[in-house]
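Now for the letters of each chain:
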Amino acid sequence: MNNKLLTRDVGQLPAIKRSPMSFYSLVTIYIMLILAPWALSYIEGLQIRGWYEELVTLLSISGMAMMLCQFTLLNGRVDAINSRIGVDNSMRVHNKAGEYLAILFFLHPFLIGLPRFIVAPSFALDNLWIMFTSAESATGVYAWSLLIVLVLMAIKKNKIGLSYEAWRYTHSVGFVAVIILATHHAVTVGRHGRYNLWFDVLWIVLCVVAVSVVAYVYFIRPRSVSKRPFTVVDCHKGSADDWYLTIKKDADFQFEFDAGQFVWINTSGSAFKRNEHPFSIASSPRSLPELSFVIRNLGDYTNQLGKLKTGQRVWVDGPHGVFTLNARNAQGIVLLAGGAGIGPIIGILRDLKERADSRPVRLIYGNRNMTQMMFLDELANMAKSINLVTTLVLNDAPDNFPPAGFKGHEGFMSKSVIEEAGEGFNTQNWDYYICGPQPMVKAVEASLQHLDIPQSRILYEQLGF
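Cut-offs and rules
- Residues numbered from 1 in each chain as written.
- Predicted model: local features only at pLDDT ≥ 70, side-chain atom pairs only at ≥ 80, totals over all residues.
- Heavy atoms only, no water.
- Salt bridge = Lys/Arg side-chain N within 4 Å of Asp/Glu carboxyl O.
- Helix = DSSP H or I, 4+ residues; strand = E, 2+ residues; numbered from the N terminus.
- Buried < 20%, exposed > 50% of the residue type's maximum accessible area, 1.4 Å probe, protein only.
- Pairing = 2+ DSSP bridges.
- Axes fitted to C-alpha atoms, helices over the stretch in contact; angles between N-to-C directions.
- Parallel < 35°, antiparallel > 145°, perpendicular 65-115°, else oblique.
- Left-handed = near helix turned anticlockwise from the far one by under 90°.
- Contact = heavy atoms within 4.5 Å.
- Nonpolar A, V, L, I, M, F, W, Y, C, P; charged D, E, K, R; others polar.

Draft legend 1. Representation of the pattern of salt bridges within the structure. The full count for this structure, using the stated rule, is 10 salt bridges. The partner of Arg296 in a salt bridge is Asp242, and the shortest N-O contact between them spans 2.7 Å. In this pair, Arg296 is assigned in strand E5 (residues 290–296) and Asp242 in strand E2 (residues 242–249), connecting sequence segments 54 residues apart. In this structure, Asp250 and Arg313 form a salt bridge, with 2.5 Å as the shortest nitrogen-oxygen distance. With Asp250 in the loop between E2 and strand E3 (262–266) and Arg313 in strand E6 (residues 313–320), this residue pair connects regions lying 63 residues apart in the sequence. The class of Arg313 is partly exposed, set by a relative accessible area of 39%.

Pasting the structure below:
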């Protein structure tokens, strides 16, 4: 790649907000937090009985801390936290930690019983049965069983036809029950609390905080959302598979956002019904009091969007997210959009155009076919105002590829396609914005890493939580 340096000035966008911490910084803080209770347990001065017991203690205490972090640090709906760590970083750690948490919880009783299979195998099964059926272990067994059910529901929710709303309810309510049951188990069975009351108090306080956060999201936050109603202006097909929804403020209230952010939209008829879904804003801040969204028709809820009526009241919770231009000092920008991921990307582009930004901007926009492409005329007009070059990518190219007049690539957003977009520049000091389905986001991020793009230069927003 040609490493010609850019010399033009940057700074059209004031750094009015901090960028979120990196994903790896969040992981580091998360690991420190879940290990902290285990480290604190050492100040109790309990006798260490062997490496295996200490390993089980480490896994048990850390697993409990992980579960509590799922609903506090990684909740995804607490603005004070997510504005600093980034909601996509939060959800990424939340989902991966959930997988490890499920494994730890499943193995917990078997790790405790394993030595009995080694020392006295003839009595091991009876001892394991007693452990599962004793009154002392009851709440732990209930938490263990319920967590397995919730994990299976999360894995199989699409196959069993579980709606998004039903999954959210069962996910939140079920895990609150698991937290309470597991906390009771920890303070009644755990050996540390038997000798030092403060260790039990620690778990109880953290349990109360976690449950309070869930209560805030479900019961307190909707009150503020209900005071900020919007109404539907229009909802039409923007492409063969995408809706283009526009809403506007229906009262005089404060609402500001940055291009690239997302909101939760509730069309149920009441701000207190938890029928809400996250969608990225496709308009720029100057479009207020109107907001627009690109929503891919994926079934379930999105199938019903065509039934929205002009003037119908909806509620908006947000804005959220840090997929924005704020606090960035890039000398160039690469935007990588897959499918409905063009939503926040077009919002960023509209913002850049309205600011008359002079930096080079490269858009790589992929879809399965041309019928799914949106905003092509608008993008062509933008190129007359700002330094924008658009590259289209078709996954399912027709037999007669390329179509007449098509200038783009067949396949996926490969390393070579990305490299070509920045040809002639030192793109190490550019920012890369990725938005699309999870597999696309992961593949593009891997390609950028192979191009030695610094992690701090990569921002992403994957569609769906």
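Draft legend 2. Quick look at the sheet that holds strand E12 (residues 458–462). One open sheet accounts for 6 strands, arranged E10-E9-E8-E7-E11-E12; its pairing is parallel. In this open sheet, the two edge strands, each paired with only one partner strand, are strand E10 (408–410) and E12. Each strand of the sheet is rotated relative to its neighbour by a mean of 15°, with strand direction disregarded. Sheet topology note: the strand E11 (residues 431–436)/E12 ladder contains 5 bridges and is parallel. Along E12, the bridge assignment pairs Tyr432 with Ile458.

Draft legend 3. Up close: the packing of helix H2 (residues 51–70) against helix H7 (residues 164–189). Closest axis-to-axis distance for the H2/H7 pair is 11 Å, and the angle between their directions is 150°. In terms of orientation, H2 lies roughly antiparallel with respect to H7. Considering how the two elements wind past one another, H2 and H7 form a crossing that is left-handed. Only Val178, Ile179, Ala182, Thr183 and Ala186 of H7 make contact with H2, whose side of the interface consists of Met64, Met67 and Leu68. Of the residues assigned to the contact of H2 with H7, the class counts are 7 nonpolar, 1 polar and no charged.

Draft legend 4. Region of the structure containing the sheet that holds strand E4 (residues 276–280). Strand order in this open sheet of 6 strands is E4-E3-E6-E1-E2-E5, and the pairing throughout is antiparallel. Looking at strand neighbours, the two that pair on one side only are E4 and E5, the edges of this open sheet. Going from strand to strand, the sheet's axes swing by 40° on average, the running direction of each strand aside. Here 7 bridges tie E2 to E5, and the two strands are oriented antiparallel to one another. Bridged to Leu245 within E5 is Phe293. In this fold H7 packs onto E3 and E4, with an angle of close to 110° to the strand it touches most, E4.

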